[in-house]
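Remarks on the overall topology
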Amino acid sequence: MNKCQATVLILLSVILNAPIFAQSTNSIWSLNGYGTLGAAHSSENKADYIPSPVFPKGPGSSYNWDAMIDTRAGVQLGVQPNDKLSGVLQVVAEKRFDGKFKPRVEWANLHYALTPSLHVRAGRIALGTYMVSDHRKVGHSLPWLRPPVELYRLIAITSSDGVDLSYQHNFTGGSYTATVSYGSSKAKEFVGLLEASNIWTMVHRVERGPLTLHASYSSAKVDYGRQFHLLWDGFEAFGPAGEVVSARYDATGRWSPFIAVGFQYDPGDWFVMTEWSEGDVGSDFGNRAAWYVSGGYRLGAIAPYVTFARGSGGHRSVNGLDATAFPPSLTPAINTLNESLQVMQEGYGVRQQTVSLGARWDVLPNVAFKGQVDHLHTRKQSLGTFINVAPGYRPREANIISITMDFVF
Amino acid sequence: MTTKRTGIVTLFIHLVVVAMFLQAAYAAENDNESIGDDIVVVVSRLNPVRDLTRTQVEDIFLGRTQQFPNGQRAVPIDQAERSTIRERFNEEVLARTSAQVRSHWSRILFTGRGQPPRSVTSSEEVLRVLATQVQGIGYIERRLVDDSVVVVFE
């Protein structure tokens, strides 16, 4: 064992034994934290598996075992001066688009209860697009090692700088909450800066004992960043015919609407959960959809689960620039542009299904180990959840093995 | 590559070993004092609430509601982390393991939607808090029930 491992072990031993949800009862301040230490291996060695579009690399061709796709640490400072006002600041360190492990403000907002049932928040707010979107980074709060990838990667924007208003209505044995939010976001991704100037979200949630129903509609005007603009500029350099292609595919400034519905039943000893989502970017890349169904059983401290997830949508081929309409000397340049467009199309439509088998082991109340095996089947003309694919190669079937340790304090 | 894999896998093996030691210590701690007494849920005698269902108790202690059924504000009072009575309350009343309750609260806490109930160090302390806080609701051993509180769930 080397020095670095020893340091990690000592730090974690301290965390494991730390009082959970440390807070002094009389203070208006609270400090809490969570984290995950993970490792993943892919049987596919000609491409990298990535659970989220933010990663530049993953297990596969870049790493035999990648320790970074699930590893993260978060700290949260809370303040509640009175019953009506509260504030929260959460900073999360994880691997970013540039390959560096660094911290970022995940959310920072003030919350005010206008009435017991009407609440307003302002600042950087988590978007509740999907059932577990807002706490998907808190591994300890999830039954799985990671949320089903096909569905959860559809929405790259997870927080917005703006305001939200929520109304909660309590009925016998349960509650209904409606939340409307408006804001903007800048997210750095591997492909560049993903900037959304207008994000609207409407979320309905019903909770009644073990039952949760969730439905959301969101729409955002997104700018996909420099790499895309270069491609559109390339097409437009070919005059009106190129401009037609760029107008067909360039989604910059267009509304991209998403809908999602979810159902969860969790009486304690077992759970079933399912979600479905569909959306598009307002261009010829097409619609895309994903769904999953998952269930698990709790045998004391051990909770095995199984998930089936499937992504669909996008197109197999692109309607690019017709090289025959131009002099032969331009053919190679046109082909390069069309190929780039085709790669974008294949990366856009995640036509893939995954069967996951895993188990959670609650070794202590605030520490859980998880192990998961995913069997992926990626369809033709789709890159699925893979990047850095070897030239001319397309992933078809792969197995991913992952282990994590989640903790909260 | 091989070094890297061995490194991560070795680290995990060490972590599991450390965690198992801590689990053994944790289990021993909880075996020390086993109380045969029933656990009852109580409110101040000045609180008009007289009877709650298991679901209503669950909703209050899991943060699903901040109100009693009559619309009055409800403030749950938990007992010490890793204490036997808290473990038993979680398992017998909330029907969840302590890990599940923690997982539930980390979901609410880390999305900024709420804070877990404040906890006090003993059942006697629960009684002391309820004496001054009419909105409070706590759980204690049945033998400790006195005139200042009313049992609302047993």
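Calculation notes
- Residues numbered from 1 in each chain as written.
- Chains lettered and ligands numbered in written order.
- Predicted model: local features only at pLDDT ≥ 70, side-chain atom pairs only at ≥ 80, totals over all residues.
- Heavy atoms only, no water.
- Helix = DSSP H or I, 4+ residues; strand = E, 2+ residues; numbered from the N terminus.
- Rg over C-alpha atoms; globule rule 2.2 N^0.38 Å.
- Buried < 20%, exposed > 50% of the residue type's maximum accessible area, 1.4 Å probe, protein only.
- Contact = heavy atoms within 4.5 Å.
- Areas by Shrake-Rupley, 256 points an atom, 1.4 Å probe, with all protein chains shown as cover.
- Lys, Arg positive; Asp, Glu negative; His and termini not counted.
- Charge placed at Lys NZ, Arg CZ, Asp CG, Glu CD.
- Core = buried A, V, L, I, M, F, W, Y, C linked by side-chain atoms within 4.5 Å.
- Axes fitted to C-alpha atoms, helices over the stretch in contact; angles between N-to-C directions.
- Left-handed = near helix turned anticlockwise from the far one by under 90°.
- Phe/Tyr/Trp six-rings, centres within 6.5 Å; stacked < 30°, edge-to-face > 60°.
- Domains from an automatic or database assignment.
- Salt bridge = Lys/Arg side-chain N within 4 Å of Asp/Glu carboxyl O.
- Polar contact = N/O pair within 3.5 Å; in protein donor to acceptor, adjacent residues only side chain to side chain.
- Nonpolar A, V, L, I, M, F, W, Y, C, P; charged D, E, K, R; others polar.
- Pairing = 2+ DSSP bridges.

Examining the overall build of chain A
Within chain A, the secondary structure is distributed over five helices and 19 strands. Relative to the compact-globule value of 22 Å for 409 residues, chain A shows a C-alpha radius of gyration of 22 Å, a close match. Expressed as a percentage of its 409 residues, the buried residues of chain A come to 52%. Summarising the internal contacts of chain A: among those between residues at least 6 apart in sequence, 62% fall at separations of at least 24. Carbon together with sulfur atoms contributes 62% to the accessible area of chain A, which is approximately 17,100 Å² in total. Averaged over its 35 positive side-chain charges, chain A has a centre that lies 3 Å from the centre of its 33 negative ones.

Comments concerning the nonpolar core
By size, the foremost hydrophobic cluster in this structure holds 27 residues, and its most contacted members are Ile157(A), Trp232(A), Phe235(A), Phe285(A) and Leu341(A). Of all elements in the fold, only strand S10 (192–208), strand S11 (211–223), helix H3 (226–236), helix H4 (240–249) and helix H5 (331–348) of chain A reach the threshold of two or more residues within this core. Broken down by element, the residue count for this core peaks at five residues, all from H5(A). Grouped together as the second largest cluster of nonpolar side chains are 22 residues, Val57(B), Leu94(B), Val152(B) and Phe153(B) included.

Topic: the packing of H3(A) against H5(A)
Residues and elements named next belong to chain A. Following both chains from N to C, one finds H3 and H5 inclined at 140 degrees, their axes separated by 10 Å at the closest point. Here the hand of the crossing between H3 and H5 comes out left-handed. Residue-level contacts link Gln-227, Phe-228, Leu-231, Trp-232, Gly-234 and Phe-235 of H3 to Leu-337, Asn-338, Ser-340, Leu-341 and Met-344 of H5.

With respect to the packing of aromatic side chains
Residue and element names in this part refer to chain A. Taken as a whole, this structure holds 14 aromatic pairs over all chains when the rule is applied. Pairing Trp-144 with Tyr-292 gives two aromatic rings, centres 5.7 Å apart and planes at 90 degrees, and the pair type is edge-to-face. Pair noted here: Trp-144 is in the loop between strand S7 (118–126) and helix H2 (149–152) and Tyr-292 is in strand S14 (residues 287–297), with a separation of 148 residues, a long-range link. Of the two residues examined, Trp-144 and Tyr-292, each falls in the buried class. Geometrically, the ring pair formed by Tyr-249 and Phe-285 is tilted, given 5.0 Å between the ring centres and 55 degrees between the ring planes. Remark: Phe-285 occurs in the loop between strand S13 (270–280) and S14 and Tyr-249 occurs in helix H4; sequence separation between them is 36 residues. A residue is classified by how much of its surface remains accessible, and Phe-285, at 6% relative accessible area, is buried.

Quick look at unusual backbone geometry
Residue and element names in this part refer to chain B. The backbone of Arg-82 shows a phi angle near 70 degrees, a positive value even though the residue is not glycine. A positive phi angle, near 55 degrees, is found at Ala-95, a position not held by glycine. By secondary structure assignment, the location of Ala-95 is in the loop between helix H3 (84–92) and helix H4 (98–109). Look at Ala-95 and you get partly exposed, because its relative accessible area is 40%.

Focus: the domain arrangement of chain B
Domains assigned within chain B are domain 1 (1–32) and domain 2 (39–153). If you average the C-alpha positions of domain 1 of chain B and of domain 2 of chain B, the two centres end up 33 Å apart.

Details of the interface of chain B and chain A
The interface is formed by 44 residues belonging to chain B together with 60 residues belonging to chain A. Inspection of the chain B/chain A interface yields two salt bridges. Two residues, Asp134(A) and Arg113(B), come together in a salt bridge whose shortest N-O distance is 3.7 Å. Inspection of the region where chain B meets chain A yields six residue pairs in polar contact (both at pLDDT 80 or more). Mapped by element, the contributors of at least two residues to the side of chain B that touches chain A are helix H1 (2–31), H4 and strand S3 (118–120) of chain B. Of the residues belonging to the side of chain B that touches chain A, the class tally is 18 nonpolar, 14 polar and 12 charged.

Considering the side chain of Thr201(A)
Secondary-structure assignment places Thr201(A) in strand S10. Once residues lying within four places of it in the same chain are set aside, the contact partners of Thr201(A) are Leu127(A), Thr179(A), Val180(A), Ser181(A), Tyr217(A) and Ser218(A).

Side note on the pairing of S13(A)
Residues and elements named next belong to chain A. By the alternation rule, side chains of S13 split into Phe-271, Met-273, Glu-275, Ser-277 and Gly-279, which are all buried, and Trp-270, Val-272, Thr-274, Trp-276, Glu-278 and Asp-280, of which none is buried. Pairing analysis gives eight bridges linking strand S12 (residues 255–265) to S13, with the strands arranged antiparallel. Following the sheet pairing, Gln-264 is matched in S13 by Met-273. In sequence, S12 turns back onto S13 through a hairpin of four residues, with Gly-268 there showing a positive phi of about 125 degrees. Pairing between S13 and S14: 11 bridges, direction antiparallel.

Topic: the pairing of strand S19 (residues 397–408) of chain A
All names here are of chain A. Pairing between strand S1 (residues 29–42) and S19: nine bridges, direction antiparallel. Residue pairing across strands places Ser-42 opposite Ile-400, the latter belonging to S19. Examined bridge by bridge, strand S17 (residues 367–378) and S19 share 11 bridges and lie antiparallel to one another. By the bridge assignment for S19, Val-373 is matched with Ile-401.

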